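Remarks on the overall topology
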Amino acid sequence: MAAHLSYGKVNLNILREAARKDLREFLDKCAGSKAIVWDEYLTGPFGLIAQYSLLKEHEVEKMFTLKSGRLPSADVKNIIFFVRPRLELMDIIAENVQSEDKLHSSRDFHILFVPRRSMLCEQRLKDQGVLGSFINMDEYILDLIPYDGDLLSMEYESAFRECYLENDQTSLYHTAKGLMTLQALYGTIPQIYGKGDCARHVANMMLRMKREFAGIQNQILPVFDTLLLLDRNVDLLTPLATQLTYEGLIDEIYGINNGYVKLPPEKFAQKKQGEASKDLPTEPKKLQLNSAEELYAEIRDKNFNAVGAALSKKAKIISAAFEERHNAKTEGEIKQFVSQLPHMQAARSSLANHTSIAELVKDITTSEAFFDSLTVEQEFMTGVDTDKVNTYIEDCIAQKDPLIKILRLVCMQSVCNNGLKQKVLDYYKREILQTYGYEHILTLHNLEKAGLLKPQTSSRNNYPTIRKTLKLWMEDANEQNPNDISYVYSGYAPLSIRLTQVLARPGWRSIEEVLKMLPGPHFEERQQLPSGLHKKRQQGENRTTLVFFLGGVTYAEIAALRFLSQMEDSGMEYIIATTKLLNGTTWIKTLMDRPESHTP
């Protein structure tokens, strides 16, 4: 099922298996038949670790979503609540348990907190008078979830908000714990580099945890050579820009959640000839997207303008393969053709799906609105008129375009100008509040606190210097056969990935001045390895770097890192880890107060 996790340089299946083993052990503690009551947010992440078949093997007969009121009836001995440690969820659990008690049921209750137990939650259950009803209370440490052969995510949605708005460093503790788990399985990482306050904090916690386990020597030969910790607020610009890779655009337009996307069903309806098309499906088409699918692995990181050609080339290869059946004359040739048939049919169905998705995406990318918005983004990135009110943004507000689109553009202008002049900022704020409602004053305050939308404090704008030194804008980026990471945004090279690229060669010492202009400290730490575990590198063997984005990463940045891994002369392979996979829209949403009730 998860073979694609072991294709890469680092076998991430080891991490998945360790998580599955812990889950099995917990389920076996609760002897007898079981029903799981899920905190809905956890079902996606758990789906990446264990399918229903694994739960079934351990006597899980029913699954319900956690909601207030009575539990649905189920003839089972154990009820297990899988929940995040949140107080509001404890109130729902208490209601569930109390309604059961009234029925004098003899069921056993258990709670599994993900990722940590919480004293506050236990106190809340005690206050509600139900704490004594639970036989097992445990924690299931699900920190880093393997998403793909080179990608790990904690799916910690509120990490950026907690760190930069609420001054809550819980997510950083979970990150440090996750990295310790990773080192226990894959060996101590000898070199740690970092940029940003959160990165410094995580590194300090890791080093402290290592000292606490000083007696226990990790005897595993290190798989990773380097860990790079990067704060999201070192590069606020990249997530605000529209991603232009195939996978990035699918995420921008439809949203990819836990490796799945839901698409409009019309494009996928199988119409038979002569049939009326009145019975079109109404349920969204749900597709899994990862590198286990050969075609997707091939096109996911391409600039969207190169996807059409790749699909038509694939179509020719597939139809040529099917034509081979006419040439199969001998019994051996026919047998060989038949044995390849399932693979060829899967390839054909995969091609049909991606052709449909590409058509859906193309409908958006060829629209005038998309082009106009992209033009303004690229003007900001290249420093054109970033210090005055932008007429396109004014028009969008007047037309009452979605608020998130406006916020992304205004924040982008602010970031590219190192803050906006006070009168420009006041004008935008006034227009937004008058058009979209005064309740958004909290959201504007949050964006300011996070450094996304702020008044200009110094007359000096460092962005042009950073842009020139790090070559963040490349004219005539080659989208078809890229030779630089800037292809992922058709000209803009993500700042976060440029920092990663420079660290590998020639090293950060060459850009000291620029690093000082970016927020937070930059540092380097070394972790001692037990003797005999120092790697003897083979001739031509690549080094492996784990890049951890604290606060989230976009699919376009991931594509840029994969591009660097594949470059002939890079000598470096990258594995990516993050607190959350995000895009500009999902990111801004986490910073909005009560976003769901107001966003058009």
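Once a new chain begins, its residue numbering starts again from 1 and follows that chain's sequence as written. In keeping with the predicted nature of the model, local features appear solely for residues at pLDDT of at least 70, side-chain atom pairs appear and are counted solely at 80 or more, and the whole-chain, interface and lining totals rest on all residues. Only hydrogens and water are set aside when side-chain values are computed; all heavy atoms of the structure are taken into account.

One turn of an α-helix holds 3.6 residues; hence residues three or four places apart share an orientation. Only DSSP runs of H or I with at least four residues qualify as helices, and only runs of E with at least two residues qualify as strands; both kinds are numbered from the N terminus onward. By definition here, a helix of n residues has an expected span of 1.5 Å times n minus one. When the terminal C-alpha atoms of helix 12 (residues 307-323) are compared, their 24 Å separation across 17 residues agrees well with the 24 Å that a helix rising 1.5 Å per residue should span. To sort residues, take the accessible area from a 1.4 Å probe on protein chains only and compare it with the maximum for the residue type: under 20% means buried, over 50% means exposed, and anything in between is partly exposed. Restricting attention to buried positions, one finds in helix 12 the residues Val307, Ala310, Leu311, Lys314, Ile318 and Phe322. One side of helix 12 carries all its buried residues, which in axial view fall inside an arc of 105°. Along helix 12, the residues that are exposed and aim more than 90 degrees away from the buried face are Lys313 and Lys316. Within this analysis, the arc is defined by the directions that extend from the helix axis to the C-beta atoms.

We now examine the sheet that holds strand 8 (residues 191-195). Sheet strands pair via backbone hydrogen bonds, and the direction of the pair is either parallel or antiparallel. In this analysis, strands are considered paired if DSSP registers two or more bridges between them. As summarised here, the arrangement of the seven strands in space is 6-7-15-14-9-8-13, forming an open sheet in which the pairing is mixed. Unpaired on one side and paired on the other, strand 6 (145-148) and strand 13 (522-526) mark the two borders of the sheet. Across the sheet, the mean angle from the axis of one strand to that of its neighbour is 20°, orientation sign disregarded. As paired strands, strand 6 and strand 7 (residues 151-153) are joined by three bridges and run antiparallel to one another. Within strand 7, the position partnered with aspartate 148 by the bridge is leucine 151. Interaxial angles span 0 to 180 degrees and are taken between N-to-C directions of axes, which are lines fitted to C-alpha atoms, for helices over the stretch in contact.

Note: interface size is frequently given as the accessible area lost on complex formation between the parts. Note that the domain bounds reflect an automated or database-derived domain assignment. What the domain assignment lists for the protein chain is domain 1 (3-142), domain 2 (143-238 + 494-529 + 542-595), domain 3 (256-271 + 280-364) and domain 4 (369-461). Computed from C-alpha coordinates alone, the two centres of domain 1 and domain 3 are separated by 37 Å. A quick way to say it: buried area is the sum, across both parts, of accessible area lost when two parts are put together, with a 1.4 Å probe. Between domain 1 and domain 3, roughly 370 Å² of surface is buried when both sides are summed, and carbon and sulfur atoms account for 59% of that area. The largest share of the area that domain 1 buries against domain 3 comes from His4, Gly44 and Leu48, three residues that together contribute 80% of it.

The next subject is the packing of aromatic side chains. Classification of ring pairs rests on two measures: the distance between centres of Phe, Tyr or Trp rings, Trp counted by its six-membered ring, which must be within 6.5 Å, and the angle between planes, read as stacked under 30 degrees, edge-to-face over 60 and tilted in between. Applying the stated rule across the entire model yields 16 aromatic pairs. Here the aromatic rings of tyrosine 489 and tyrosine 492 are separated by 5.5 Å at their centres, their planes lie at 65°, and the arrangement is edge-to-face. Neither tyrosine 489 nor tyrosine 492 differs from the other in exposure class; each is buried. Of the aromatic side chains, those joined through ring pairs into one cluster are Trp38, Phe46, Phe82 and Tyr140.

Let us now look at the packing of helix 15 (residues 391-398) against helix 16 (residues 403-416). Where helix 15 meets helix 16, the closest approach of the two axes is 10 Å, and the angle between their N-to-C directions is 160°. Classed by the angle they form, the pair helix 15 and helix 16 counts as roughly antiparallel. Two packed elements cross with a definite hand, and for helix 15 against helix 16 that hand is left-handed. Residues Tyr392, Ile393, Cys396 and Ile397 of helix 15 form the contact with helix 16, whose participating residues are Lys405, Ile406, Leu409, Val410 and Gln413. Under the convention adopted here, Pro, Cys and the residues Ala, Val, Leu, Ile, Met, Phe, Trp and Tyr are nonpolar, Asp, Glu, Lys and Arg are charged, and Gly plus all remaining residues are polar. For the contact of helix 15 with helix 16, the class distribution of residues is seven nonpolar, one polar and one charged. Note on angle classes: values under 35 degrees are labelled roughly parallel, values over 145 roughly antiparallel, values of 65 to 115 roughly perpendicular, and the remainder oblique. Crossing handedness is defined as follows: a turn of the near helix away from the far one that is anticlockwise and smaller than a right angle gives a left-handed crossing, while the clockwise case is right-handed. By the convention used here, residues are in contact when the closest approach between their heavy atoms is within 4.5 Å.

Here, nonpolar core means buried Ala, Val, Leu, Ile, Met, Phe, Trp, Tyr and Cys residues that are tied together by side-chain atoms lying within 4.5 Å of each other. Counting residues in each nonpolar core, the largest one holds 168 residues, and the members touching the most others are Leu23, Phe82, Leu229, Leu452 and Leu499. Residue contributions to this core peak at ten residues, all from helix 16. With near-sequence residues (within four places) excluded, leucine 23 lies in contact with Phe46, Ala50, Leu54, Leu55, Phe82, Leu112 and Tyr140. One finds Phe64, Leu66, Leu89 and Cys121 within the second-largest nonpolar core, a separate group that totals 24 residues.

Right, let's talk about a negative patch on the surface for a bit. What makes a patch is a set of residues exposed beyond 30% relative accessible area and free of salt bridges, joined within 9 Å when like-charged and within 5 Å when nonpolar (Val, Leu, Ile, Met, Phe, Trp, Tyr). Under the convention used here, a 1.4 Å probe and the Shrake-Rupley method define accessible areas, while residue burial counts only the protein chains that appear. Only one rule defines a salt bridge in this text: a Lys or Arg side-chain nitrogen within 4 Å of an Asp or Glu carboxyl oxygen. All tallies of charge rest on Lys and Arg as positive and Asp and Glu as negative; His and the ends of each chain are not included. One atom stands in for each charge, and that atom is NZ of Lys, CZ of Arg, CG of Asp or CD of Glu. Taken together, the side chains of Asp28, Glu59, Glu61 and Asp75 present a region of like negative charge at the surface. On the secondary structure map, glutamate 59 appears in the loop between helix 3 (52-57) and strand 2 (60-65). Residue glutamate 59 is classed as partly exposed on the basis of its relative accessible area, which comes to 42%.

In this structure, proline 115 follows valine 114 across a cis peptide bond, with omega equal to 5°. Note that proline 115 resides in the loop between strand 4 (108-113) and helix 5 (119-127). Along the chain, arginine 505 connects to proline 506 via a cis peptide bond; the corresponding omega equals 10°. On the secondary structure map, proline 506 appears in the loop between helix 20 (495-504) and helix 21 (512-517). Even without a glycine there, the phi angle at glutamate 59 is positive, about 65°. Phi at lysine 400 takes a positive value of approximately 55°, unusual for a residue other than glycine.

Secondary-structure assignment places arginine 300 in the loop between helix 11 (294-299) and helix 12. Non-local contacts of arginine 300, meaning those with residues more than four positions away in its chain, are made with Asp148, Thr245, Tyr246, Glu247, Asn290, Ser291 and Arg562.

Before going further, it helps to spend a moment on helix 22 (residues 555-566). The end-to-end C-alpha distance of helix 22, which contains twelve residues, comes to 16 Å, matching closely the 16 Å that a straight helix rising 1.5 Å per residue would cover. Burial runs high along helix 22: eleven of the twelve residues are buried. Along helix 22, the residues classified as buried are Tyr555, Ala556, Glu557, Ile558, Ala559, Ala560, Leu561, Arg562, Phe563, Leu564 and Ser565.

In the contact formed by helix 16 and helix 23 (residues 584-591), the axes pass within 10 Å of each other and the chain directions differ by 95°. Our classification of the angle between helix 16 and helix 23 gives roughly perpendicular. Where helix 16 abuts helix 23, its residues Ile404, Leu407, Arg408 and Cys411 lie against Gly584, Thr585, Ile588 and Lys589.

Here we have three strands laid out as an open sheet, ordered 10-11-12, and antiparallel in their pairing. One side of each edge strand has no neighbouring strand; the edge strands of this open sheet are strand 10 (256-257) and strand 12 (285-288).

Only a pair of cysteine sulfur atoms within 2.5 Å counts as a disulfide in this structure description. One pass over the full model with this rule turns up zero disulfides. Unpaired in terms of disulfides, cysteine 198 finds its nearest cysteine sulfur in cysteine 163, a separation of 4.1 Å. Classification of cysteine 198 by relative accessible area gives buried; the value is 8%. Distance from the sulfur of cysteine 411, which forms no disulfide, to the nearest cysteine sulfur (cysteine 416) is 11 Å. The class of cysteine 411 is buried, set by a relative accessible area of 1%.

Its location among the elements puts threonine 386 in the loop between helix 14 (368-381) and helix 15. For threonine 386, the contacting residues outside a window of four places in its chain are Phe380, Gln413, Cys416, Asn417 and Leu420.

Let us look at the environment of glutamate 324. Positionally, glutamate 324 belongs in the loop between helix 12 and helix 13 (331-365). Considered as a pair, glutamate 324 and isoleucine 334 are ten residues apart in the sequence and their alpha carbons are 9.7 Å apart.

The subject of this paragraph is the environment of alanine 19. Inspection of the secondary structure puts alanine 19 in helix 1 (residues 13-29). If sequence neighbours within four positions are ignored, alanine 19 has contacts with Ile49 and Tyr140.

Right, let's get into the environment of threonine 242. Note that threonine 242 resides in the loop between helix 9 (237-240) and helix 10 (246-253). Note on threonine 242: relative accessible area 12%, which makes it buried. Other than its neighbours up to four places away in sequence, threonine 242 contacts Leu249, Glu252, Phe370, Leu374, Glu377, Arg408 and Tyr489. There is a polar contact of 2.6 Å between the side chain of threonine 242 and the side chain of glutamate 377. Here a polar contact is recorded for every N or O atom pair within 3.5 Å, except that within protein the pair must consist of a potential hydrogen donor and a potential acceptor, and residues adjacent in sequence are included only if both atoms are side-chain atoms.

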